[in-house]
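Structure at a glance
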Amino acid sequence: MRSEYLREWLPLFSRAFRSLADCRGGGAFASLNEVNSADLLVAVADFFTRVHGLRWIAVSGIVDKTVIVIFRGDGGRDIGRLADACFYDVGVAGGHRNLARAEFPLSAVPEGLRPGEFVLKRLETRKLRPKKGGENPTDLAERGVA
């Protein structure tokens, strides 16, 4: 018998299910708060890729005062671009069409917001990088990209 998941990870999956929020574009978001390793976020995100009708998932957690967001997608949208659009201004973010990652310091989360709330807000209001020459970021939804 072979399993991809360890028994001690089950509480993480419970947290993910309880925090699961729908996002536009057929996506969802789950916040796990503090975790021991980013690998646990990857395991949870990979699990959600098997859910029928879920086009993309973002799973966040905090590892050593760093907020990490793991993105997975079905290829219908460029998940690396989505990660960059959400978090380029607070940390490092990017990846490939089907998988991506963002990392930023916990100190980047505004006072009064929990990290998961901050991530969800960013997923809902993602912006493109400003173009060279000082133009303001353009909302992806206004450009029909979202």
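Residues numbered from 1 in each chain as written. Predicted model: local features only at pLDDT ≥ 70, side-chain atom pairs only at ≥ 80, totals over all residues. Heavy atoms only, no water.

So, the overall build of the protein chain
The helix and strand inventory of the protein chain stands at four helices and six strands. Secondary structure elements of the protein chain, listed N to C terminal, follow the sequence α-β-β-α-β-β-α-β-β-α. Per-residue burial for the protein chain yields a buried fraction of 42% across its 146 residues. Of all intrachain contacts in the protein chain linking residues separated by at least 6 positions in sequence, the fraction that spans at least 24 positions is 54%. Accessible area of the protein chain: about 8400 Å², with a carbon and sulfur share of 49%. (Helix = DSSP H or I, 4+ residues; strand = E, 2+ residues; numbered from the N terminus. Buried < 20%, exposed > 50% of the residue type's maximum accessible area, 1.4 Å probe, protein only. Contact = heavy atoms within 4.5 Å. Areas by Shrake-Rupley, 256 points an atom, 1.4 Å probe, with all protein chains shown as cover.)

Focus: the packing of aromatic side chains
As enumerated under the stated definition, the model contains ten aromatic pairs in all. Where Phe-13 meets Phe-47, the ring centres are 5.3 Å apart and the plane angle is 75°; that geometry is what we call edge-to-face. Here Phe-13, found in helix α1 (residues 10-19), pairs with Phe-47, found in helix α2 (residues 38-48); they are 34 residues apart in sequence, far enough to count as distant. Relative accessible area serves as the criterion here: at 9%, Phe-13 is assigned to the buried category. Ring centres of Phe-17 and Phe-47 lie 6.0 Å apart, and the angle between their planes is 90°; this geometry places the pair in the edge-to-face category. Taken together, the positions of Phe-17 in helix α1 and Phe-47 in helix α2 put the pair 30 residues apart, joining distant regions of the chain. Grouping aromatic residues by their ring pairs yields a cluster made of Tyr-5, Trp-9, Phe-13, Phe-17, Phe-47 and Phe-48. (Phe/Tyr/Trp six-rings, centres within 6.5 Å; stacked < 30°, edge-to-face > 60°.)

Topic: the pattern of salt bridges
The final tally for this structure, using the stated rule, is five salt bridges. Between Glu-103 and Arg-101 there is a salt bridge, with its nearest N and O atoms 2.8 Å apart. Looking at Glu-103, the relative accessible area reads 29%, which means it is partly exposed. The partly exposed category is assigned to Arg-101, whose relative accessible area is 33%. (Salt bridge = Lys/Arg side-chain N within 4 Å of Asp/Glu carboxyl O.)

Let's talk about the side chain of Arg-122
Note on placement: Arg-122 falls in helix α4 (residues 115-124). On the basis of relative accessible area, Arg-122 is assigned to the buried category, the value being 18%. Apart from the residues within four sequence positions on either side, Arg-122 is in contact with Cys-86, Phe-87, Asp-89 and Val-90.

Side note on the environment of Ala-108
Within the element layout of this structure, Ala-108 appears in the loop between β6 (99-105) and α4. Residue Ala-108 is classed as partly exposed on the basis of its relative accessible area, which comes to 25%. Separated by 41 residues in sequence, Ala-108 and Val-67 place their C-alpha atoms 9.1 Å apart. Dropping the residues within four chain positions of it, Ala-108 is found in contact with Val-90 and Phe-118.

What to know about the sheet that holds strand β1 (residues 21-23)
Within the open sheet, the six strands sit side by side as β1-β2-β3-β4-β6-β5. Their pairing is mixed. Lying at the two open borders of the sheet, with one neighbouring strand each, are β1 and β5 (92-95). On average, each strand axis in the sheet is tilted by 20° relative to the strand beside it, whichever way the strands run. (Pairing = 2+ DSSP bridges. Axes fitted to C-alpha atoms, helices over the stretch in contact; angles between N-to-C directions.)

Looking at the confidence of the model for the protein chain
Looking at the protein chain as a whole, its pLDDT mean stands at 87, while 85% of the residues score no less than 70. Contacts from residues 134-146, a stretch scored under 50 in pLDDT, to residues over four places away or in other chains number 25 contacts. (pLDDT = per-residue confidence, 0-100.)

Here's the deal with the pairing of β6
The two faces of β6 differ: Ala-100, Ala-102 and Phe-104 on one face are buried, but Leu-99, Arg-101, Glu-103 and Pro-105 on the other face are not. With seven bridges joining them, strand β4 (residues 66-73) and β6 adopt antiparallel strand pairing. Bridge pairing links Val-69 to Ala-102 in β6. The pairing of β5 with β6 spans four bridges and is antiparallel. Across the sheet, the residue bridging to Gly-94 is Arg-101, located in β6. Between β5 and β6, which follow one another and run antiparallel, lie three residues.

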